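Reading the structure
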Amino acid sequence: MLKLYEPHFDTLTATRIDLAPGRYGLLTACDGGLLEVSGLSAPVGALCQVEHGAKTSLTAEVIGFRSGRTLLMLLGDTVMLRPGARVRAEGRPGMLPVGDAFLGRAVDGQGQPIDLGPPIHARAQWPAGGVRASALDRSGVREQFDCGVRALNALTTLGVGQRIGIMAGSGVGKSVLLDMIASGSEAEIVIVALIGERAREVSDFVERHMTGTKRARTAVIAVPADHAPNLRLRGAMLATSLAEHFRSRGRRVLLIMDSLTRVAHAAREIALLLGEPGAARGYPPSALAAITKLVERAGNSALSGGSITGLYTVLADGDNQDDPVVDTARSILDGHVVLSRELAQRGQYPAIDLAASLSRVMDDVVAPDHAALARQFRSLSAAYEANRDLVLMGAYRTGADPQLDMAIAMHAALSDFLRQDARSTVDFGASLAALHALLNDAP
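Nothing here was measured: the structure is a model prediction, and the numbers come from that model.

Each helix and strand in the protein was counted, giving 14 helices and 19 strands. Its C-alpha radius of gyration of 25 Å places the protein within 12% of the 22 Å reference for a compact globule of 443 residues. Taken along the three principal axes of its C-alpha coordinates, the protein extends 85 × 50 × 40 Å. Counting every position in the protein, which comprises 443 residues, the buried fraction comes to 50%. Side chains of the protein carry 45 positive and 47 negative charges; the gap between the two charge centres is 6 Å.

In this section: the layout of surface pockets. The calculated volume of the second largest pocket comes to roughly 1000 Å³. Lining the second largest pocket are 33 residues, and of these Ala128, Gly129, Met237, Ala290 and Lys293 sit closest to its centre. Put simply, the parts of the chain that give the lining of the second largest pocket at least two residues each are strand 4 (57-66), helix 5 (229-248), helix 6 (260-273) and helix 7 (285-296). Broken down by element, the residue count for the lining of the second largest pocket peaks at eight residues, all from helix 7. In terms of residue class, the lining of the second largest pocket is made up of 17 nonpolar, eight polar and eight charged.

Ranked by size, the top nonpolar core spans 59 residues in total, and within it Leu155 and Phe377 carry the most contacts. With seven residues, the single largest contributor to this core is helix 11 (residues 368-386). When neighbours within four sequence positions are excluded, Phe377 is seen to be in contact with Leu155, Leu354, Leu414, Phe417, Leu418, Leu435, Leu438 and Leu439. In terms of nonpolar packing, the next biggest core, distinct from the first, is built from 56 residues, Met73, Ala239, Ala290 and Ala329 among them.

Further remarks concern the side chain of Asp108. Residue position: Asp108 is located in the loop between strand 8 (106-107) and strand 9 (124-127). Notably, Asp108 is buried but unbridged: the nearest opposite-charge side chain belongs to Arg234, and the N-O separation is 8.5 Å. For Asp108, the side chain forms a polar contact with the main-chain nitrogen of Gln112, separated by 2.8 Å. The residues contacting Asp108, other than those within four sequence positions of it, are Ile114, Ile221, Ala222, Val223 and Leu238.

Time to look at helix 3 (residues 174-184). Judged by how many residues are buried, helix 3 sits mostly within the fold: eight of eleven residues are covered. Turning to helix 3, its buried residues number three or more, namely Lys174, Leu177, Leu178, Asp179, Met180, Ile181, Ala182 and Gly184. Tucked inside the fold, the buried residues of helix 3 contact helix 2 (150-155), strand 12 (163-168), helix 4 (199-209), strand 15 (252-258), strand 17 (307-315) and strand 18 (335-338).

Rules and cut-offs
Residues numbered from 1 in each chain as written. Predicted model: local features only at pLDDT ≥ 70, side-chain atom pairs only at ≥ 80, totals over all residues. Heavy atoms only, no water. Helix = DSSP H or I, 4+ residues; strand = E, 2+ residues; numbered from the N terminus. Rg over C-alpha atoms; globule rule 2.2 N^0.38 Å. Buried < 20%, exposed > 50% of the residue type's maximum accessible area, 1.4 Å probe, protein only. Lys, Arg positive; Asp, Glu negative; His and termini not counted. Charge placed at Lys NZ, Arg CZ, Asp CG, Glu CD. 1 Å grid on protein atoms, 1.4 Å probe; cavity = no way out; pocket = protein on both sides within 12 Å on 5 of 7 lines; lining within 4 Å. Points joined across faces, edges and corners; volume = space filled by probe spheres on them. Nonpolar A, V, L, I, M, F, W, Y, C, P; charged D, E, K, R; others polar. Core = buried A, V, L, I, M, F, W, Y, C linked by side-chain atoms within 4.5 Å. Contact = heavy atoms within 4.5 Å. Salt bridge = Lys/Arg side-chain N within 4 Å of Asp/Glu carboxyl O. Polar contact = N/O pair within 3.5 Å; in protein donor to acceptor, adjacent residues only side chain to side chain.

Below, the structure written as structure tokens:
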């Protein structure tokens, strides 16, 4: 029986007793989710408790200060708030809990369990903004990352420590492709951040991936779309901080974030609430900078030998690949996989648009003959797609272009190579063997 309480005893033993006098401020204004508090001196990023009853309180985060007053944003709803409520700062500002206690668990943006399990007792803490390291500490990407998807392994090969984006409009298959990679990838630790998505997707993902042997190496941080914007942003930072913590211990981490666009939306809401003017399509500069800071925290560490392979989904609003978030992500990531709605409508899943997809590290992690075969496959696929309308109308005469003739003859085989059942896994060796068999047997 005492073993059940040992984590609580250990936590109490390690906790330092604060003998300083208690300080608090008073709530003076509430404008939507923005609170103004007088008499409270707390740094940006600090968590505070807002009393609204005899034994209850609401949690808020300091996001700025103005004219001698501290500005906070609630991590929940403003129901039951009243003028003059006491506001007290708590915890260590700018620090987030990390550690092995999160493995096998599903938590929210504050690190609280949502899986009906016991409380999480994490002694270690990590800066919410990450530990800034020298640019030379980021070692190069030199090793292949087996993601379990044949089209990516063979034609857009990923590397350990790479940051890659999956870009598509809504309903094209980003989440399904993420599921395939989460199931078939090779990684010691898998950190999954479901930010701003539907609550149903969260429960489905936990049910599929938090079972069996995979559970012990997986942590899920979920903040659905109906939660406060600062809680969504905090969830993304918690997932990245967890990944950095494990990387500092020499572990190989796969960080999956769905989606980077929802993180940008949350940062935009906070920035507009603080009065920052909108720039590119309503996105203030700080909102786009927020996703850049998150992405830059992934990668390889020369000091510890660990790595964070970052996989980020990016929602292209209205299938617009020139959306500010898409453009910013594409410029900072080490590669991108574009999903095509047209290919999805033809029944090709995953609907990977080869011509628009790119892995900037592929030439560094594959053999020259593999790279040559991938270029040959891409050229055949591009030749057919460029002349598809002519071929379907019967306007093309065989013999006019030998490469197009080969592309037409192999079109069915090329399409079958790109297709893969969502429940299947194809490792890197099998993917490369299939590519060799396909092109070496070409007519």
